[in-house]
Amino acid sequence: MDSLEGQLSLETLIQYSRHQVHSVLRVVERPDDALFVFDGLDEYSHSLDPAGRALCSDASQAASAPLLLVSLLHGSLLKGAAFLVATRPTGNLKFLSGARVEALGFLKPQREAFFNSFFADSSVASRALLHMERTLGFYDFCTSPRFCWTVCFVYRSLIDSNAKLPETLSQLFVEILSHLIQSTSLTQDWNRKLVLALGRMASYCFLDKHSRCTKEQINSFGFQQFLTAFAPFLRVEAELETVSFRSQLMQEFVLALAFFLDGSEYEDVEKVLDKHKGAAKFLDLFLSGLSEPEQHRPLETLVGELDPDQMKGFRSWLKSGSEETLKGYDKNKHYRCFRLLHQVQNASLVKEIVPPLAHACIYHRNPGLQDCVALSYVIVCLGERDRLSVSGATVIKEMMEVLAPALSLSHVVELSDNSFQTEAVPRLASAVSSGVTRELNLTRSHLGDEKLKRLCAGLKDSKLHRLNLGSCRLTAACCDDLLSLLTSEISQLQALEITFNQIGDRGFKKLCKAMHSPLCRLQELQMQTCDLTAASMEDFAAALCSGHSQLRKINLTHNTVGDSGVKALCNALKHPFCKLQSLTLYDCGLTGACCSHLKEALMSEHFSLLELDLSLNDLGQEGALMLCQGLSRPGCPIRSLSLTRCELTQTVFKELGSLLRSGSCQMMFLLVGLNKVGDEGVRPLWDAVSHPSCSLEELNVEMTRLTDACVEDLCAAVRGSRTLKRLELRNNSLTDAAVPAVIQAMRDNPNMEELNLKYNDFSEDVFEMLEECDNIRY
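These numbers were taken from a predicted model, which means no experiment stands behind them. (Residues numbered from 1 in each chain as written. Predicted model: local features only at pLDDT ≥ 70, side-chain atom pairs only at ≥ 80, totals over all residues. Heavy atoms only, no water.)

### Considerations on the overall build of the protein
Okay, so step 1: Secondary structure summary: the protein contains 32 helices and 25 strands in total.
Okay, so step 2: Viewed in the frame of its principal axes, the protein has a C-alpha envelope of about 105 × 65 × 60 Å.
Okay, so step 3: Within the span of the protein, comprising 778 residues, buried residues form 51% of the whole.
Okay, so step 4: Put simply, of all contacts in the protein between residues at least 6 apart along the chain, 79% involve residues at least 24 apart.
Okay, so step 5: Each charge class in the protein can be summarised by its mean position, and for the 78 positive and 95 negative side chains these summaries are 4 Å apart. (Helix = DSSP H or I, 4+ residues; strand = E, 2+ residues; numbered from the N terminus. Buried < 20%, exposed > 50% of the residue type's maximum accessible area, 1.4 Å probe, protein only. Contact = heavy atoms within 4.5 Å. Lys, Arg positive; Asp, Glu negative; His and termini not counted. Charge placed at Lys NZ, Arg CZ, Asp CG, Glu CD.)

### Re the packing of aromatic side chains
Okay, so step 1: Inspection of every chain in the model, using the stated rule, returns 22 aromatic pairs.
Okay, so step 2: Clustering of aromatic rings is evident, with ring pairs tying together F138, Y139, F141, F147, F173, F253, F282 and F286.
Okay, so step 3: Its end group placed over the ring of W190, K193 keeps NZ or CZ at 4.5 Å from the ring centre. (Phe/Tyr/Trp six-rings, centres within 6.5 Å; stacked < 30°, edge-to-face > 60°. Lys NZ or Arg CZ within 6 Å of the ring centre and 35° of its normal.)

### Details of helix α22 (residues 479-486)
Okay, so step 1: Counting buried positions along α22 yields six of eight residues, so the element is predominantly enclosed.
Okay, so step 2: Buried within α22 are the following residues: C479, D481, L482, L483, L485 and L486.
Okay, so step 3: Elements in contact with the buried residues of α22: α21 (448-459), β14 (466-468), β15 (495-497) and α23 (504-515).

### What about the sheet that holds strand β6 (residues 234-237)?
Okay, so step 1: If you walk across this open sheet you meet the three strands as β5-β7-β6, and the pairing is antiparallel. A single partner strand is all that each edge strand has here, and the edge strands are β5 (212-214) and β6. For this sheet, the mean inter-axis angle between neighbouring strands, taken without regard to orientation, is 30°.
Okay, so step 2: The strands that helix α8 (residues 188-207) touches are β5, β6 and β7 (242-245); relative to β7, the one it contacts most, it runs at about 95°. (Pairing = 2+ DSSP bridges. Axes fitted to C-alpha atoms, helices over the stretch in contact; angles between N-to-C directions.)

### Focus: the layout of surface pockets
Okay, so step 1: Taken as a whole, the second largest pocket encloses approximately 760 Å³ of empty space.
Okay, so step 2: Forming the boundary of the second largest pocket are 25 residues, of which L273, D284, W317, R336 and L340 lie nearest the centre.
Okay, so step 3: Only α11 (269-275), α12 (283-290), α14 (308-327) and α15 (331-344) provide two or more residues apiece to the lining of the second largest pocket.
Okay, so step 4: Its residues placed into classes, the lining of the second largest pocket shows eleven nonpolar, six polar and eight charged. (1 Å grid on protein atoms, 1.4 Å probe; cavity = no way out; pocket = protein on both sides within 12 Å on 5 of 7 lines; lining within 4 Å. Points joined across faces, edges and corners; volume = space filled by probe spheres on them. Nonpolar A, V, L, I, M, F, W, Y, C, P; charged D, E, K, R; others polar.)

### Describing the domain arrangement of the protein
By convention, interface size is frequently given as the accessible area that disappears when the constituent parts associate.
Okay, so step 1: Domain annotation of the protein identifies domain 1 (7-86), domain 2 (108-165), domain 3 (172-306) and domain 4 (662-777).
Okay, so step 2: The straight-line distance from the C-alpha centre of domain 1 to that of domain 4 is 82 Å. (Domains from an automatic or database assignment.)

### Topic: the side chain of S433
Okay, so step 1: Within the secondary structure layout, S433 lies in helix α20 (residues 424-434).
Okay, so step 2: Classification of S433 by relative accessible area gives buried; the value is 14%.
Okay, so step 3: Polar side-chain contacts of S433 include one of 3.0 Å to the backbone oxygen of G458. (Polar contact = N/O pair within 3.5 Å; in protein donor to acceptor, adjacent residues only side chain to side chain.)

### What to know about the packing of helix α18 (residues 369-382) against helix α19 (residues 397-408)
Okay, so step 1: It is at 7 Å that the axes of α18 and α19 come closest, and there the two elements cross at 15°. As judged from the angle between their axes, α18 and α19 are roughly parallel. Seen along the crossing, α18 lies across α19 with a hand that is left-handed. Within the contact between the two elements, α18 uses L369, C372, V373, L375, S376, I379 and V380 and α19 uses E398, M399, V402, L403, P405 and A406.
Okay, so step 2: Looking at side-chain class alone, the contact of α18 with α19 contains eleven nonpolar, one polar and one charged residues. (Parallel < 35°, antiparallel > 145°, perpendicular 65-115°, else oblique. Left-handed = near helix turned anticlockwise from the far one by under 90°.)

### Let's talk about a nonpolar patch on the surface
Okay, so step 1: Nonpolar side chains collect at one region of the surface, where L35, V37 and L84 lie side by side and expose about 310 Å² of accessible area between them.
Okay, so step 2: Relative to the assigned elements, L84 resides in strand β4 (residues 82-86).
Okay, so step 3: Of the residues examined, L84 reaches a relative accessible area of 49% and is grouped as partly exposed. (Patch = residues over 30% accessible without salt bridge, like charges linked within 9 Å, V, L, I, M, F, W, Y side chains within 5 Å. Areas by Shrake-Rupley, 256 points an atom, 1.4 Å probe, with all protein chains shown as cover. Salt bridge = Lys/Arg side-chain N within 4 Å of Asp/Glu carboxyl O.)

In structure tokens:
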């Protein structure tokens, strides 16, 4: 109806379709018996909003076609008539009421049946379908029966001639257009003129939002010299005396080809794309595909050589635009860039355009299947890489199949914050196992026990060193599968993170069994917030002492280990077979009572811990002093000690200062923040830091109630230390008066890498002064 101009009555409008309506009079007199069908509403350029319009009610009244349509659809004309409106998604839908049915077209089972009926050989049908699903299945028009028929027709021709099947949409339309041009039996010169005429019509239809053209209009494009030669490309509607493209995809493709045939008719590519923006959705993709000589060569034999200046201009635009896009952080622009490169199918160009800094860590959030196809292609072109990150997606089997080659080339695969379809999990495991992947992160992927079972079964032959399953909704039931994975004969898994899962004591005991096996190579276990208690610590201690455990690091943060649990662990720490080097008991419900056991362990010659974190436990003065006694043993291996918010006192800080000055202490990292000891309490640590026997490299005294009164001692410590590199002073009460001295002390010690002064009592007056010192954060 876009092509109907001027004033006409509803009766006249119905007469345009008189071959479908036997009697105009009957329709007008008995509207309850009438059914109107409107197809292609998404191509209609006028609004269907009735607001502010004087709607028609007389079928013989002359009005514009848009007003007649609105009057019909909103019941003012022919009240009681029924309507069937066929459309793709469009803004006009909000103005229509009534029942809605979503027509999905050919889903995968229907496509399979169609291909089997089209090809006589079932193996050929299967090959053709699999190829289409892999290369084109992510486009919504693949559900169109007409498109499926076209693909089958092209594929059959190529298979019969032993030719390669198209890998992209551009390659497919090169084959389609080549066949259509050959069917006209014109010379190369006339073929060229025909395509240029089609290009003019395509551009006109996009720009003027007309899906159809009149006979006079198409003659103005240059069709009058072809008579019926344009029939394979255009659909003639005799009743309306109009002509339209058989498909919008072909309309866009011939426009892209016409752009490369004659530069005198078209502006530069940027302006052409901008003019057709919104109407031509695939134009830039088709331009990219046709810009590659290997892909447009079949068409050149039919229409002649493409304009070299147009080709050069487009390639320059593609390179500069892609390089600029990849410098930014707009994921949608990244997706589009990769789609364009995928259409080109030139690995050398990909390597030229995507710089090392961009492809070292390609990150994508919420990609669609089409984005994954393009992303995987780009990564395969670039080759082996450090990291690939995809998040925020619902990962279906088809998506994982598409991404598999890219995953196999990535040393670290980050797939956090995704939701996995069950069928996608084995494909993930296969991709990881067949390539170079050493680390797999599935944090917050909501796997659950059943999907994890499938994952573990597929990872038994992998070269994976690290597996992160944090917040994956796992329970104790999954630990049988993890046990099987950890004890697989060729398993190389060394680090496992299962934080924030309801593993419980029952599940942890199963994991402890793995550490008894000589096949288990586990060296690091992260189990924060896993509902563990002291009940499983005996089993863990036994595993550490088994002689087969290679565990070096465990994090038990936010588990109710308790003092009795620590007692069991300390018995293991005294055992000669225990190789544990890092133990984190952050917020584990400990009291000073556990420190006698820790002291005994620290005094043992077999004690091997290098890192001990007891933060957020109420150790108190008595417990902490016992700890200091154990730390004073000559040869004590502790390098890092964390006692943040442990209710420490000035007496404890004094003992820690003595320990650091003793000459026997090898401690390099000390964290004692959130203990309210004030300037006087921290002073022994300042004295220790400047002592020649102190080897401390990092000191954290955040929120210890420091004031300007400590500045002189603080600066003396910074100047005098030979080892200190980082000092944490956040959340204290230093003021502007302290700044000049602190800055000068930092400048006097070239070893200092960072001083954190955030959240102190500074005014904006000193910000400029602090800004001049690069290694001060404020």
